[in-house]
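Okay, here's what each chain looks like letter by letter:
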Amino acid sequence: MCYSVASVQPPQLPSVYPIAQAAFPDWSFKAFSEEAQRPRYTMRMAMRCVSGEREVLGFSLLWSAPDEVHILNIASAPVWRRKGIGQVLLEDALSLARREGALQMILEVRASNTPAIALYTKAGFLEIGRRKRYYRAPVEDAIVFAREIEHVGQVVER
Ligand SMILES: CC(C)(COP(=O)(O)OP(=O)(O)OC[C@H]1O[C@@H](n2cnc3c(N)ncnc32)[C@H](O)[C@@H]1OP(=O)(O)O)[C@@H](O)C(=O)NCCC(=O)NCCS
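Note that this is a predicted model, so its numbers are computed, not measured. Along each chain, the written sequence defines residue order, and numbers are assigned to residues from 1. Note on the predicted model: pLDDT of at least 70 is required for a residue's local features to be given, and 80 or more for side-chain atom pairs to be given and counted; whole-chain, interface and lining totals, by contrast, use all residues. To obtain the side-chain values, all non-hydrogen atoms of the structure were used and water was disregarded.

Asks: Report on the pattern of salt bridges, specifying residues and quantitative values.
Replies: Salt bridge criterion: a side-chain nitrogen from Lys or Arg within 4 Å of a carboxyl oxygen from Asp or Glu. Under the criterion given, the structure shown has 9 salt bridges. In this structure, the salt-bridge partner of Arg131 is Glu108, at a minimum N-O distance of 2.8 Å. With Arg131 in strand E6 (residues 126–135) and Glu108 in strand E5 (residues 104–110), this residue pair connects regions lying 23 residues apart in the sequence. In this structure Arg131 comes out as partly exposed when scored by relative accessible area, which is 35%. Type-normalised accessible area, obtained with a 1.4 Å probe on protein chains alone, sets the label of each residue: buried when under 20%, exposed when over 50%, and partly exposed for intermediate values. Residue classification places Glu108 among the partly exposed positions, given a relative accessible area of 28%. The structure contains a network of salt bridges with shared partners spanning Arg98, Arg147 and Glu150. Where helices and strands are cited, they refer to DSSP runs of H or I of at least four residues and of E of at least two residues respectively, numbered from the N terminus.

Okay, here's the thing in structure tokens:
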């Protein structure tokens, strides 16, 4: 299988939105599009290439803060789950963080979100705290995960 990951351009938002909607049903297309285009936000999409055609299989939404990259969302299309797409998107996010010279990657996840927690733990993220009643509908705690970004042999200019 050939996968590629690229930044989402505004005309591509409608092809990515069904994946967002399947994972986060309350997210309107308007809010999704606005977030994708905010300053310092990057939306990336994972695609498979079959006979020259590209099919979007998942996306991530990242926010670059000084020294940190936050993963705001990551989702794979329901039929493509457990096939490595989440890992591809996470590796891509880590590469972006390295390129930006970030020192750590950070994210929040619902305490009951077993697949996402397993994904982040497998990728070396560690729990660094909890935010009580952070999520609504349903109300739930967030677990905060972080991972240091290695810069082996790379000079980070500040
Ligand atoms: C979380 C999510 C992005 C994972 O994506 P994915 O493409 O299925 O993940 P991958 O196939 O790359 O899985 C990588 C590893 O994560 C872990 N993992 C992923 N899904 C899992 C599950 N349902 N149960 C247990 N472990 C799981 C496994 O360790 C897996 O490695 P393995 O298959 O070799 O055992 C996906 O379930 C999803 O889109 N969920 C809905 C949106 C969401 O909750 N996003 C997180 C917001 S913070």
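Asks: If you had to explain the packing of helix H1 (residues 13–23) against helix H2 (residues 29–36) to someone new, which residues and values would you point to?
Replies: Note on method: axes are straight lines fitted to C-alpha atoms, helices fitted across the in-contact stretch only, with angles between N-to-C directions ranging 0 to 180 degrees. Orientation of H1 relative to H2, taken along the N-to-C sense of each, is 115 degrees, at an axis distance of 10 Å. Judged by the twist between their axes, the crossing of H1 over H2 is right-handed. Across the interface between the two elements, Leu13, Pro14, Val16, Tyr17 and Ala20 of H1 pack against Phe29, Phe32, Ser33 and Ala36 of H2. Polarity classes work like this: nonpolar for Ala, Val, Leu, Ile, Met, Phe, Trp, Tyr, Cys and Pro, charged for Asp, Glu, Lys and Arg, and polar for all others, with Gly in that last group. The class makeup of the residues in the contact of H1 with H2 is 8 nonpolar, 1 polar and no charged. Two helices cross in a left-handed way if the nearer one is turned anticlockwise from the farther one by less than a right angle. They cross in a right-handed way if the turn is clockwise. Contacts are assigned to residue pairs that have any heavy atoms within 4.5 Å of one another.

Asks: Describe the nonpolar core, and please don't skip the residues or the numbers.
Replies: Core analysis: the largest hydrophobic core is formed by 44 residues, its most contacted members being Phe32, Met43, Phe59, Ile71, Met105, Tyr120 and Phe125. Element by element, the count of residues in this core is highest for helix H3 (residues 85–99), at 7 residues. Here Tyr120 is in contact with Ile71, Ile74, Leu90, Leu107, Val109 and Phe125, once residues within four sequence places are set aside. Buried Ala, Val, Leu, Ile, Met, Phe, Trp, Tyr and Cys residues form a nonpolar core when they are joined through side-chain atoms within 4.5 Å.

Asks: Mind laying out the packing of H3 against helix H4 (residues 114–122), listing which residues take part and the relevant values?
Replies: Packing of H3 against H4 brings their axes to within 11 Å, and their N-to-C directions diverge by 50 degrees. Between H3 and H4, the crossing angle belongs to the class labelled oblique. The interaxial crossing formed by H3 with H4 has right-handed handedness. Of H4, the residues touching H3 (which contributes Gly86, Gln87 and Leu90) are Leu119, Tyr120 and Lys122. Here the residues of the contact of H3 with H4 are counted per class, giving 3 nonpolar, 2 polar and 1 charged. To sort the angles, those under 35 degrees are grouped as roughly parallel, those over 145 as roughly antiparallel, those from 65 to 115 as roughly perpendicular, and the leftovers as oblique.

Limitation: the analysis is restricted to geometry and does not speak to function.
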